[in-house]
Amino acid sequence: MYNTITNTSTYTVIDIRKTFEGCETDIRTIARRTGKWEVSYADNVFNDIMIYAENEYLKSVDIVLLNENNTVLRASKFVVNANGTAISSERAGNNNDWNNLPDTHLSVILSFSKKWNDLTATDKSNFQKNNNFKLSWSTTNIDNSFPHLSNSQGQLYGSKGYELQKTTYK
C-alpha cells in the first residue's frame, strides 16, 4: 500500500495583490518618513510594480536610500516566492525607521524572474508599450546584495502560497 500526499497551492492575481499590500504600505511609509517622494510618485512606483508582479515577472523589489555619491545607506528588499506556504500576511510597518537624511534620494530596483528573462526582446518591448506604466525605467549598476550593510529579516507577506519576504538593510 502506498500513501501519497500532494501539496498544491493555487494562487490568483487577487492573491498577488493581497500579498503586495504590505509592500505598498512599506513603500508609502518609507516615502513619507524620508520625505523624498510625494504620495503621487509612490503611487506611480507601486502601479508599475504591480503590473510586473501580476504577470509574475518580478523576482524582487528593492527600495533604496542613496547618498549624493549613489552609495546605498539603507534598503528594504522584498523577495517573491511563488511556491511558498504562507496563507496570510504579517502586519506591515515594522523596520520602517527610515529618516529624512540630507543629500539623499530614494530609488527602486526591480529584479526580474526567469519568466521575464525568457521573453524575447520584442515581447518585452511590447509588454512595456502595451501596459499603463507611469514611470520610465532604466538599468542600474547598484549592487543590490548590499554587501556593506547588515540585514535583518522583516515581515512575511503572503496569500495562498504566494509570498513576499521583506529584508531590511542598514
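Colleague: What exactly am I supposed to notice about the pattern of salt bridges here?
Modeller: Think of it this way: side chains of opposite charge can pair up when their charged atoms draw near. The full count for this structure, using the stated rule, is nine salt bridges. Between arginine 17 and glutamate 54 there is a salt bridge, with its nearest N and O atoms 2.7 Å apart. Pair noted here: arginine 17 is in helix α1 (residues 13-34) and glutamate 54 is in helix α2 (residues 39-54), with a separation of 37 residues, a long-range link. One salt bridge in this structure joins lysine 166 and aspartate 26, with 3.3 Å as the shortest N-O distance. Separated by 140 residues along the polypeptide, lysine 166 in strand β5 (residues 162-169) and aspartate 26 in helix α1 bring together distant segments of the chain. We classify aspartate 26 as buried; its relative accessible area is 0%. Each of Glu24, Arg28 and Asp43 takes part in a single network of salt bridges with overlapping partners.

Colleague: How should the packing of aromatic side chains be read in this particular structure?
Modeller: Aromatic ring pairs are reported here in terms of the distance separating the ring centres and the angle at which the planes meet. Under the defined criterion, the tally for this structure stands at 13 aromatic pairs. Centre to centre, the rings of tryptophan 116 and phenylalanine 127 are 5.7 Å apart; their planes meet at 70°, and the pair counts as edge-to-face. Placement of tryptophan 116 in helix α3 (residues 114-117) and of phenylalanine 127 in helix α4 (residues 121-129) is noted, with a sequence separation of eleven residues between them. The residues tryptophan 116 and phenylalanine 127 share a single accessibility class, namely buried. An aromatic cluster is built from Tyr52, Tyr57, Phe112, Trp116, Phe127 and Phe133, whose rings are joined through pairwise contacts.

Colleague: What is the right way to read the sheet that holds strand β1 (residues 58-67) from this model?
Modeller: Backbone hydrogen bonds hold the strands of a sheet together, and the pairing may be parallel or antiparallel. With respect to topology, five strands assemble into an open sheet ordered β3-β1-β2-β5-β4, the strand pairing being antiparallel. Lying at the two open borders of the sheet, with one neighbouring strand each, are β3 (104-112) and β4 (151-159). The average angle at which neighbouring strand axes cross in this sheet is 15°, direction not considered. In this sheet, strand β2 (residues 72-81) lies alongside β1 in antiparallel orientation, the contact comprising seven bridges. Looking at β2, one finds that valine 64 is bridged to alanine 75. In this fold α2 packs onto β1, β3 and β5, with an angle of close to 10° to the strand it touches most, β3.

Colleague: Would you mind going over the packing of α1 against α2 with me for this structure?
Modeller: Helices that pack against each other are described as a pair by the angle of their axes relative to one another and the distance between those axes. Between α1 and α2, the shortest axis-to-axis distance is 10 Å and the interhelical angle comes to 150°. Here α2 runs roughly antiparallel to α1, going by the angle between their axes. Between α1 and α2 the crossing geometry is right-handed. Here α1 contributes Val13, Ile16, Arg17, Phe20, Cys23, Glu24, Ile27, Arg28 and Ala31 to the contact with α2, which in turn contributes Val39, Ala42, Asp43, Phe46, Ile49, Met50, Ala53 and Glu54. Taken together, the residues of the contact of α1 with α2 sort by class into twelve nonpolar, no polar and five charged.

Colleague: Explain the nonpolar core here, please?
Modeller: When a protein is soluble and globular, its nonpolar side chains tend to lie buried together. Counting 35 residues, the largest nonpolar core has Phe20, Ile49, Leu58 and Val61 as its most contacted members. Those elements giving two or more residues to this core turn out to be α1, α2, β1, β2, β3 and β5. By residue number, the principal contributor to this core is α2, which donates eight residues. Beyond its immediate chain neighbours, meaning those up to four positions away, isoleucine 49 contacts Phe20, Ile27, Leu58, Val61, Val108 and Leu110.

Colleague: Can you help me understand the pairing of β4 in this one?
Modeller: Each regular strand displays side chains that alternate between the two surfaces of the sheet. Bridge analysis of β4 against β5 gives seven bridges, and the strand direction is antiparallel. Residue pairing across strands places serine 159 opposite tyrosine 162, the latter belonging to β5. Where β4 folds back on β5, the antiparallel hairpin that results is connected by two residues, among which lysine 160 adopts a positive phi of roughly 50°.

Cut-offs applied
Each residue is numbered by its place in its chain's sequence as written, counting from 1. For a predicted model such as this one, the threshold for reporting local features is a pLDDT of at least 70, and the threshold for listing and counting side-chain atom pairs is 80 or more; totals across whole chains, interfaces and linings nevertheless cover every residue. With hydrogens and water excluded, all non-hydrogen atoms of the structure serve as input to the side-chain values. Throughout this description, the term salt bridge denotes a Lys or Arg side-chain nitrogen within 4 Å of a carboxyl oxygen of Asp or Glu. Each helix is a run of DSSP H or I of at least 4 residues and each strand a run of E of at least 2, with the numbering of both proceeding from the N terminus. Note on classification: 1.4 Å probe, protein chains only; a residue is buried when its accessible area is under 20% of the maximum for its type, exposed when over 50%, partly exposed between these limits. Side-chain rings of Phe, Tyr and Trp (the six-membered ring for Trp) are treated as a pair once their centres are within 6.5 Å; stacked means planes under 30 degrees apart, edge-to-face means over 60, and tilted covers the remaining angles. Only strands that DSSP links by at least two bridges are regarded as paired with each other. The axes are straight lines fitted to the C-alpha atoms, using for helices just the contacting stretch, and the angles between their N-to-C directions are given from 0 to 180°. The contact definition used throughout considers only heavy atoms, calling two residues in contact when any of these lie within 4.5 Å. Our angle categories are set so that under 35 degrees counts as roughly parallel, over 145 as roughly antiparallel, 65 to 115 as roughly perpendicular, and the remainder as oblique. Handedness of each helix crossing follows the sense of rotation of the near helix against the far helix: counterclockwise by less than a right angle gives left-handed, clockwise gives right-handed. Nonpolar residues are Ala, Val, Leu, Ile, Met, Phe, Trp, Tyr, Cys and Pro. Charged residues are Asp, Glu, Lys and Arg, and all others, Gly as well, are polar. Among buried residues, the Ala, Val, Leu, Ile, Met, Phe, Trp, Tyr and Cys ones that are joined through side-chain atoms within 4.5 Å form a nonpolar core.

The values are spatial; any link to function lies outside them.
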